[in-house]
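Next come the chains, spelled out residue by residue.
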Amino acid sequence: MSVKNIIIAGVGGQGTLLTSRILGGLALEAGYDVKLSEVHGMAQRGGSVVTYVRYGQEVAEPIVEEGMADILIAFERLEAMRFAHFLKKDGVIIANDQRIDPMPVLLGMDEYPKNIFEQLEKKYQVYAIDAGLEAKKLGNPKVSNMIVLGIAAKNMNFSKAQWYDIIEKIVPPKTVELNKKAFDIGYEFSK
């Protein structure tokens, strides 16, 4: 298997780091060489957080170069746009259709871009879901990242049982069933 390159991007508090731990743990348990790299912007203040997950038979370095990512998992619209240039030509974007205004927009110094997904769909395959709404239906908006991860799982070569196993090992025990339900919503999502 060639190296699989995945970028996970979001805003502080959206579960970007937890998601990278789940994906990295899954690939490691499946016997792959795994490299992770995390970049925390002003994460505590709603800033961008991005992680790179690379796995395969042999992975030399943790950073994903521009134009090399197979999958971009974005927990916010603007983050999808911000990191799309890292994707290969046939790359896939899985995104939460959520808007979180960055500081320049909040201060009135800039405008939030319009039609983000429509622009991205001109170049990439995009799966967008209002994961926040779906998570609220489950009673906990914090599991929206797991819904997005469920969609991403359909673009990777791991079984649903393998995903369940790693979710059970990584999330807090009292949230396992809720996280699995959220994962299932994404896993069953069709465009």
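Above this text is the structure in question.
Here goes a summary of the coordinates provided. (Residues numbered from 1 in each chain as written. Predicted model: local features only at pLDDT ≥ 70, side-chain atom pairs only at ≥ 80, totals over all residues. Heavy atoms only, no water.)

**Comments concerning the side chain of E79**
Put simply, the test is: For helices the rule is a DSSP run of H or I covering at least 4 residues; for strands it is a run of E covering at least 2, with both sets numbered from the N terminus onward. Whether two residues touch is decided by their heavy atoms; if any such pair falls within 4.5 Å, the residues are in contact.
Relative to the helices and strands, E79 is located in helix 2 (residues 77–83). Contact partners of E79, with chain neighbours within four places excluded, come to A9, G10, V11, S48 and A74.

**Looking at the environment of I100**
Counting through the fold element by element, I100 comes out in the loop between strand 5 (87–96) and helix 3 (103–106). Sequence-wise, I100 and K174 are 74 residues apart; in three dimensions their C-alpha atoms are separated by 28 Å. Filtering out sequence-adjacent residues up to four positions away, I100 remains in contact with V11, Q14, E76 and Y112.

**A look at the packing of aromatic side chains**
The criterion, for reference: Stacked, tilted and edge-to-face pairs are distinguished by plane angle, under 30 degrees for stacked and over 60 for edge-to-face with tilted covering the rest, among Phe, Tyr and Trp rings (Trp via its six-membered ring) whose centres lie within 6.5 Å. Exposure is judged per residue with a 1.4 Å probe applied to protein chains only, and the accessible area is read against the type maximum: over 50% gives exposed, under 20% gives buried, and values in between give partly exposed.
Counted by the stated rule, this structure contains nine aromatic pairs. Taking 6.2 Å as the distance between ring centres and 55° as the angle between the ring planes, the aromatic pair formed by Y52 and F86 counts as tilted. Residue Y52 is found in strand 3 (residues 48–56), and its partner F86 is found in the loop between helix 2 and strand 5; the two are separated by 34 residues along the sequence. Summarising the burial analysis for this pair, Y52 and F86 share the class buried. Among the aromatic residues, those joined into a ring-pair cluster are Y32, Y55, F158, W163, Y164, F183 and Y187.

**Side note on the environment of V176**
When you line up the elements, V176 lands in helix 8 (residues 176–187). Through-space distance from the C-alpha of V176 to that of Y164 is 8.9 Å; in sequence the pair is 12 residues apart. Ignoring sequence-local partners within four residues, the contact set of V176 consists of E168 and V171.

**What to know about the pairing of strand 4 (residues 69–74)**
Where a strand is regular, its side chains alternate between the two sheet faces. The test is simple: Strands qualify as paired when DSSP identifies two bridges or more between them. With strands facing away from the observer, any crossover in which the path from the first strand over the helix to the second runs clockwise is taken as right-handed.
Most of strand 4 is tucked away, with six of its six residues classed as buried. Here strand 4 runs beside strand 5; their pairing, made up of five bridges, is parallel. When the bridges of strand 5 are listed, A74 appears paired with A95. Running through helix 2, the crossover from strand 4 to the neighbouring parallel element strand 5 is right-handed.

**What about the side chain of E76?**
Which entries qualify depends on this criterion: None of His or the chain ends enter the tally, which takes Lys and Arg as positive and Asp and Glu as negative. Basic side-chain nitrogens of Lys or Arg form a salt bridge, by our definition, when they fall within 4 Å of a carboxyl oxygen of Asp or Glu. Within 3.5 Å is the distance limit for a polar contact, defined as a pair of N or O atoms, with the added protein rule that one can donate a hydrogen and the other accept it, and that residues adjacent in sequence qualify only through two side-chain atoms.
Relative to the helices and strands, E76 resides in the loop between strand 4 and helix 2. For the buried E76, which has no salt bridge, the nearest side chain bearing the opposite charge is R77, at an N-O separation of 6.2 Å. Only 2.9 Å separates the side chain of E76 from the backbone nitrogen of I100, close enough to count as a polar contact. Reaching out from E76, the side chain makes a polar contact with the side chain of Y112 at a distance of 2.5 Å. Filtering out sequence-adjacent residues up to four positions away, E76 remains in contact with V11, Q14, N96, Q98, R99, I100 and Y112.

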